[in-house]
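Here is what each chain is made of, one letter per residue.
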Amino acid sequence: MRAVSPPGLVFAIVGGALLCVPFMTLAANRIVAGHGVMVWALGYWPALMGMIAALGAGLSPRPTLRLFAGALGLACITAQVSQGADLLLADAGDYARTSPAAGFWGLLAVFSLLIADALTQLHPRPLLRAGLLIVALAALAVVFWSGLLGDLSIAQEYVSRARQFWTALAQHLQLALGSLAVAVVIGFPLGVLCHRRGGLRRAMLPMLSFLQTIPSLAMFGIMIPLLAWVATTVPGAREIGIAGIGFAPAFVALVLYSLLPVVGNTVAGLDAVPPATSDAARGMGLSATQQLWQVELPLGLPVLLTGVRIVMVQNIGLAVIAGLIGGGGFGSFVFQGLNQTATDLILLGALPTVLLALVAAVLMDILVDLARPVSETAR
Amino acid sequence: MKSGLILRPFLVVLLLAMVLRPVWFTPLLAPLAPENGPVIYERASLWSLTISHLGLVLAASLSATVVAVGLAVFVTRPIGAAFLPLSRTVTNIGQTFPPVAVLALAVPALGFGAGPTLVALFLYGLLPIFDNAVTGLRTLPPVTMDAARGIGLSPSQRLRTVELPLALPVILTGVRLSVVIALGTATIGSTVAARTLGEVIIAGLLTNNTAFVVQGGVITGLLALLIHDGLVLLEKRLSA
């Protein structure tokens, strides 16, 4: 075993450099650019010492120690930014805003990667990972609800649109997960059919991959006239909320994007069932439907769920674009923020999206691992 | 495939016509435009937008390829092996970051214009290429590697004459994934004032002019489709 973990060395060097760039910024109001403040100018020594200690402990070859070092680092940058905001706003104007700057974001990345690297080495079981995810989310929730970060500019931005924020979250999830559900309902039977009929598969899969190639903005755009046409020609379509602009075109575009991973992975999952197993099932006298539900589906489940994971993460990201066509979701904050050059509003839309995508990925990875046969998970 | 022989040249001609002679499509698009509104996008020439769009994607993808393959070679050598698990983790986490969010987050850091778009395209483009390059370099047939060692090739000779050429098709698949994502993300770059074809679609969305939306949408769609198709053909030729 080495005396020093090589990635830890890189983290220490990068982290050390990040301590020497502005940690926070102070601006006169929400639109103008602020000026940077160094971490030592914030004068909160325990947190700074903690960060340095965490970077040092990150050098250890022992993954458990590095895990705790990363957690300590995260706690320290949170404390520092909370204390720093108090200090900076104490003698600034009424409209003054303070935000984390490059130093904070860089250290956030460094400490998160330190944790991720340690976890890769520790390789916790799926249920332990689920526990860690809950602990991390609970810590995050405590930090937000305690008001520790309430003085930061992005929190002020949140306060002034708290209700819109939760509506946006609901819309975002409806778009991303609703389209996933529809895609599974359509895509799973289609995948089963493709698995059984080679001809259908040869026609279907290239067509779906063609759909996936179309740039998202173009796809969303092309859906607008199509759905406007449906709304005017199909009776009753308008009543159930189909319109050329807004939620419906975004939803349909997302369903189309989701089909390839769902159908493709269903086919791959069913194909992966060993022929001997299928023969045995047939020999036992199982009908085609029984074979599907009792043999092929359980065995192909991990691959199938991987398809769902791909779609979920992809849709959470793509749903942002719905904001451009009035479909709601976090994208509306992002694009409003870009229009007004209001950085905090951009962050208010982008950061929750990133968080949602990360949580979805971790959660689905856990499910995929749980769906694997026991012998594999136990390795 | 026979259908490809007819379809491909047709789509190329259609794309060129839409970009170079947009006026030809006036009768088709007119019903979609608002009354008395413009039918064909004229604020900038579609040709110059296409060139600047492709330029952004090309610059980002080329630099992403060089850096990603370089990093993949590093982590698959003995000297960089300690970074392999970490780099895998970073790629996995990075790929869950939505491209639009990466673009939006680049703006506060870099301001508006082509800069943040280029950086976002570059950063996001690294991931699939690196992922595939690592897979390609780590799944070489052991017999071939033994033979290369057996005939006395040095590590750097093995890399250049055996490993990289064998991994090339897999690396190219990564490049293709990355280029297709970049083409799509560049479209959204227009919202941060980069000059790309997304400008046409967004102008249409802002003025309720469906003709613009369809015009921009079809051109970017065709572009992505043909480039994807071209790269698939290249991969097939190389792995044959």
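Residue positions are given per chain, counted from 1 along the sequence in the order it is written. As they are written, the chains are lettered A onward and the ligands numbered 1 onward, keeping that order. Only residues with pLDDT of at least 70 are given local features in this predicted model, and only at 80 or more are side-chain atom pairs given and counted; all residues enter the totals for whole chains, interfaces and linings. Remark: hydrogens and water are excluded; side-chain values derive from all non-hydrogen atoms of the structure.

- As annotated in an unreviewed UniProt entry, chain B is Osmoprotectant transport system permease protein from Sagittula marina.
- UniProt positions are given in the numbering used here, feature names are shortened, and annotations may be inferred rather than shown by experiment. Quoted straight from UniProt, the Sequence similarities (unreviewed entry) entry for chain B says "Belongs to the binding-protein-dependent transport system permease family."

- An unreviewed UniProt entry annotates chain A as Osmoprotectant transport system permease protein originating from Sagittula marina.
- UniProt annotates chain A under Subcellular location (unreviewed entry) with the comment "Cell membrane".

**Some remarks on the UniProt feature "transmembrane region" (unreviewed entry) in chain B**
Residues and elements named next belong to chain B.
Here is step 1: Mapped onto this structure's residue numbering, the UniProt feature "transmembrane region" (unreviewed entry) falls at residues 49–75, 96–127, 166–188 and 200–227.
Here is step 2: Secondary structure over residues 49–75 splits into 100% helix and 0% strand, and the C-alpha atoms at its two ends are 39 Å apart.
Here is step 3: Taken end to end, residues 200–227 is 89% helix and 0% strand, and its two terminal C-alpha atoms sit 20 Å from one another. Where helices and strands are cited, they refer to DSSP runs of H or I of at least four residues and of E of at least two residues respectively, numbered from the N terminus.

**A word on the packing of helix α6 (residues 114–138) of chain B against helix α8 (residues 155–189) of chain B**
Residues and elements named next belong to chain B.
Here is step 1: In this analysis, axes come from line fits to C-alpha atoms, helices being fitted only over the stretch in contact, and the angle between any two N-to-C directions falls in the range 0 to 180 degrees. Two elements in contact, α6 and α8, have axes whose closest approach is 8 Å; the angle formed by their N-to-C orientations is 155°. Classified by the interaxial angle, the pair formed by α6 and α8 is roughly antiparallel. Every pair of crossing elements has a handedness; the one defined by α6 and α8 is right-handed.
Here is step 2: The nonpolar class holds Ala, Val, Leu, Ile, Met, Phe, Trp, Tyr, Cys and Pro. Asp, Glu, Lys and Arg form the charged class, and all remaining residues, Gly among them, are polar. Residue composition of the contact of α6 with α8, by class: 15 nonpolar, nine polar and one charged. By definition in this entry, angles of less than 35 degrees are roughly parallel, angles greater than 145 are roughly antiparallel, angles of 65 to 115 are roughly perpendicular, and the rest are oblique. A clockwise turn of the near helix away from the far one marks a right-handed crossing, whereas an anticlockwise turn of less than a right angle marks a left-handed crossing.

**A closer look at the sheet that holds strand β3 (residues 97–100) of chain A**
Residues and elements named next belong to chain A.
Here is step 1: In short, DSSP must find at least two bridges between two strands for them to pair. On the basis of which strands lie adjacent, the open sheet formed by three strands has the order β2-β1-β3 and antiparallel pairing. Strands with a single pairing partner mark the edges of an open sheet, and in this sheet they are β2 (35–37) and β3. This sheet shows a mean twist of 30° between the axes of neighbouring strands, independent of strand direction.
Here is step 2: In this structure, strand β1 (residues 24–27) lies alongside β2, joined through three bridges in antiparallel fashion. From the neighbouring strand, L26 faces β2, where its bridge partner is H35.

**Side note on the nonpolar core**
Here is step 1: For this analysis, a nonpolar core means a set of buried residues of the types Ala, Val, Leu, Ile, Met, Phe, Trp, Tyr and Cys, connected via side-chain atoms within 4.5 Å. Residue exposure (1.4 Å probe, protein chains only): buried if accessible area is under 20% of the type maximum, exposed if over 50%, otherwise partly exposed. By size, the foremost hydrophobic cluster in this structure holds 72 residues, and its most contacted members are A:L217, A:F220 and B:L205.
Here is step 2: Contacts between residues were defined by any pair of non-hydrogen atoms, one from each residue, lying within 4.5 Å. Leaving out residues up to four positions away in the same chain, B:L205 has contacts with A:L217, A:I224, A:L324, A:I325 and B:V213.

**A word on helix α1 (residues 6–18) of chain A**
Here is step 1: Relative to the 18 Å expected for 13 residues at 1.5 Å per residue, α1(A) spans 18 Å between its end C-alpha atoms, a close match to the ideal helical length.
Here is step 2: For α1(A), the complete set of buried residues consists of A:P7, A:G8, A:F11, A:G15 and A:L18. Projected onto a plane normal to the axis of α1(A), the buried residues spread over an arc of 95° and lie on a single side.
Here is step 3: The secondary structure elements touched by the buried residues of α1(A) are α2 (45–57) and α4 (102–122) of chain A together with α4 (84–96) of chain B. By this rule, a helix spans an expected 1.5 Å times one less than how many residues it contains. In this context, the arc is that of the directions from the helix axis out to the C-beta atoms.

**Some points on the interface of chain B and chain A**
Here is step 1: Counting residues at the interface gives 40 residues for chain B, matched by 42 residues for chain A.
Here is step 2: For the pairing of chain B and chain A, the buried interface totals around 3200 Å² over both sides, and the portion due to carbon and sulfur atoms is 87%.
Here is step 3: Buried area adds together the accessible area that both of two parts lose upon being put together, with accessible area traced by a 1.4 Å probe. Sorting the residues of chain B by area buried against chain A places B:L86, B:T96 and B:L205 first, and these three jointly supply 17% of that buried surface.
Here is step 4: Here, a salt bridge means any Lys or Arg side-chain nitrogen found within 4 Å of an Asp or Glu carboxyl oxygen. If you look at where chain B meets chain A, you find zero salt bridges.

**Comments concerning the domain arrangement of chain A**
Residue and element names in this part refer to chain A.
Here is step 1: Boundaries between domains were set according to an automatic or database domain assignment. In terms of domain boundaries, chain A breaks down into domain 1 (6–152) and domain 2 (162–377).
Here is step 2: Relative placement of domain 1 and domain 2: their C-alpha centres are 34 Å apart.
Here is step 3: At the junction of domain 1 and domain 2, the tally comes to one salt bridge.
Here is step 4: For this analysis, a polar contact is any N or O atom pair within 3.5 Å, provided that within protein one partner can donate a hydrogen and the other can accept it, and provided that sequence-adjacent residues contribute only side-chain to side-chain pairs. At the junction of domain 1 with domain 2, the criterion picks out one residue pair in polar contact (both at pLDDT 80 or more).
Here is step 5: Going through the elements one at a time, β3 and α5 (126–145) are the ones with two or more residues in the side of domain 1 that touches domain 2.
Here is step 6: Here the element with the most residues in the side of domain 1 that touches domain 2 is α5; it accounts for seven residues.

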